[in-house]
Each structure stands twice: as structure tokens, then as C-alpha cells.
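A structural walkthrough
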Amino acid sequence: VQERISDLLSSSGFHEALCNSLTKDSYTDGLDAFKKDSQVILMNPLSQDLNAMRQTLLFGGLESLAYNINRKVSDVLLYEFGNTYNRYGDDFVEERRLALWMTGKKQEENWNAGDAKVDFFHTKGFVEKLLQKLGLNKGVSLSQTQSDILSEGVVYKIRKKKVVETGLVRKSILKTFGIKQEVFYADLNWDLIMEMLKDQKTKYKEVSKFPIVRRDLALLLDQQIAFAELESIALRSDKSLLKEVNLFDVYQGDKLPAGKKSYALSFIFRDEEKTLTDKVVDKAILKIFKS
């Protein structure tokens, strides 16, 4: 599985990083995401820059990004499979992780390519492509991250367990490494993913002979409401006919009341056994709208 994911990332423009498992303990100073009493400190370190075992892959990757950027290689996509180390009481815990770092332009400079920078949605797209490749893209719940590492981002949970966290690395952390451009980071719990794959079942079915029916809704919402909440509500409301929920337009402007936004959603319906009628679809969309 790891080989397959490596091939996918490499073919998508990523380069594999192999960072040192030893790191500087001061990297985690003031960060609540890492507990100081869980850090594994070496008794006889070679230097103060290599005096602790890493609790995260993040900092090793940022060192690699800084090295490249300082040598005028500012468009970098990296990934690393590596272990993190913690101590809980008398127990030493080693976890396997997969990390992604993305910075600079989305693609190489070319006459027919723009100079668009990597953004949150680009990073999120790669994360979801990995989950799809692993067959873990169903039953995923998203929530906003509450991290002092990432200034904005999302947490992916499967079966109520945190599998991925991704987002924009905080400027205060980048400053430590002398990085002035935005860096997007994704941390995947590889051990947990492998555990989930053990009982993952693959099912096949024939392509439906019946056409889809699409219905659109424009909704005026509070700013804090996320699309993931609306998608989850809709899919729970109709588990038989509703196949997809998509967000195809967002409007925020002076014409709307303060604290509001407008979402335009599309709903894709299909019956695997017969052609849908307007009456059936209207009933389903009304149920979703009420929910």
C-alpha cells in the first residue's frame, strides 16, 4: 500500500524526503500540540540541534523546504513516510505517519500555465485523492482544525477517529526556519489507516442503466456554517436516492445581510432500479430542504 501511495505522489510532482529522526527539542517550545513531558530527550546528544526524538514530521520537512528556498528552488512538493516518538510514563510509543508539504506555484512556469500558488484547496484535493486511492473516502466527517501549528485547516475523521489534519502552517513557525512564503502541510496517521484497511471491504456493482436527476438549491446561511455540515445533513436525510451533494457557487457581498453568505448546492439523485419521476424527486428534495 505504501508503495502504491508513493507512486501516486511521485507521479503528481512530489519528491520523497528522508529527514532525520533526531531534532531540536526547542522546536516544540510554546506549542500545546506537543507535550514537553512526552518528548524523548537523548542523554548524550551529539549537539543541541539533535538532542531529541521527533514528535512530528513537520519540522524536518520545513528544514528541507528552507534549504531549497535558500537555493532559489521555491516551488517544492515533498512527502515523507516516517516515525514519530513519544514517551508516556515508562512506555515509549512509536507511530508511523505520512506527511505532505506544499509551497510555491501549483505547476512549473510555462507560456500556457498561470503563476497560481498552492492553496488550501489544492492541498485538500491531494489529501482526498489519497483517501480515495485507499478506499477510505466514504463516511468521512470534516471539522475545522483547532491547532497552534495550523492557522487554518480541517481535520478528517473516519469512524470518529482522527485520520488526517491539513492546512496552512502558522507564520510564527515558518519564521523560525526563515521561510517567508506560505507552506501547506498534511499529517496522516498511517498506522491508523493501515488498521482501518484490514477490515475494509471492496464492493462492485453494475453501472446504473437509469439517468440521474439534478436539483439545485440556493441557501442564505450564517457565515460559520460549513458545506460539510450541509452535505452530512442531506446525505442523512435521503440514503437511498441521493448520490452526490456539490457546492457550485458561493456569494458574499454588500447585497446580503451582515454575517450571511449564499451557497448554491446541487443534489444528484438516481434510482438503481427505475427511472425517477419529478414527483419522487420533489418529495426527496423537500425532505432535504426541511432538514
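Residues numbered from 1 in each chain as written. Predicted model: local features only at pLDDT ≥ 70, side-chain atom pairs only at ≥ 80, totals over all residues. Heavy atoms only, no water.

Focus: the packing of helix α1 (residues 2-11) against helix α3 (residues 120-134)
The N-to-C vectors of α1 and α3 enclose an angle of 145°; their axes lie 11 Å apart at closest approach. By crossing handedness, the relation of α1 to α3 is classed as right-handed. Contacts between α1 and α3 involve Arg4, Ile5, Leu8 and Leu9 from the former and Lys129, Leu130, Lys133 and Leu134 from the latter. Taken together, the residues of the contact of α1 with α3 break down into 5 nonpolar, no polar and 3 charged. (Axes fitted to C-alpha atoms, helices over the stretch in contact; angles between N-to-C directions. Helix = DSSP H or I, 4+ residues; strand = E, 2+ residues; numbered from the N terminus. Left-handed = near helix turned anticlockwise from the far one by under 90°. Contact = heavy atoms within 4.5 Å. Nonpolar A, V, L, I, M, F, W, Y, C, P; charged D, E, K, R; others polar.)

With respect to the nonpolar core
Ranked by internal contacts, the top residues of the largest apolar core, which has 31 residues, are Ile5, Leu9, Phe14, Leu98, Leu100 and Leu130. For this core, the secondary structure elements donating two or more residues are α1, β4 (76-88), β5 (91-103), α3, β7 (150-158), β8 (161-169), β9 (183-189) and α5 (190-197). No other element matches α3, which puts 6 residues into this core. When residues no more than four places from it in sequence are discounted, the contact partners of Phe14 are Leu9, Leu77, Leu78, Tyr79, Leu100, Trp101, Met102 and Phe126. One finds Leu58, Leu65, Ile149 and Tyr185 within the second-largest nonpolar core, a separate group that totals 24 residues. (Core = buried A, V, L, I, M, F, W, Y, C linked by side-chain atoms within 4.5 Å. Buried < 20%, exposed > 50% of the residue type's maximum accessible area, 1.4 Å probe, protein only.)

A closer look at the sheet that holds strand β11 (residues 242-251)
As summarised here, the arrangement of the 3 strands in space is β10-β12-β11, forming an open sheet in which the pairing is antiparallel. Each edge of the open sheet is held by one strand with a lone partner, namely β10 (213-222) and β11. Mean inter-strand twist for the sheet, computed between neighbouring axes without regard to direction, equals 25°. As paired elements, β11 and strand β12 (residues 260-269) share 8 bridges and run antiparallel to each other. (Pairing = 2+ DSSP bridges.)

Quick notes on the sheet that holds strand β1 (residues 15-16)
The pairing of strands in a sheet comes from backbone hydrogen bonds and takes either a parallel or an antiparallel form. Taken in spatial order, the 7 strands make up an open sheet running β1-β4-β5-β9-β8-β7-β6, and their pairing is mixed. Whereas interior strands pair on both sides, the edge strands pair on one side only; in this sheet they are β1 and β6 (140-144). Where α3 meets the sheet, it contacts β5, β6, β7, β8 and β9, and its direction lies at approximately 20° from that of β7.

Some details on the pattern of salt bridges
Under the definition given, this model contains 17 salt bridges. A salt bridge links Glu165 to Lys162; the nearest nitrogen and oxygen atoms lie 2.9 Å apart. The buried category is assigned to Glu165, whose relative accessible area is 14%. Several salt bridges share partner residues, and in doing so they unite Glu95, Arg97 and Asp187 into one network. (Salt bridge = Lys/Arg side-chain N within 4 Å of Asp/Glu carboxyl O.)

A closer look at helix α7 (residues 278-290)
With 13 residues, α7 ought to run about 18 Å at 1.5 Å a step, and its terminal C-alpha atoms sit 18 Å apart, in line with that. Within α7 the residues assigned to the buried category are Val281, Ala284, Ile285 and Ile288. End-on, the buried residues of α7 take up no more than an arc of 95°, which puts them together on one face. In α7, the exposed residues that point more than 90 degrees away from the buried face are Lys279, Lys283 and Lys290. On its buried face, α7 sits against β10, α6 (227-237), β11 and β12. (Expected span 1.5 Å × (residues − 1). Arc of directions from axis to C-beta.)

So far we have only geometry, and geometry alone does not tell us how the molecule works.
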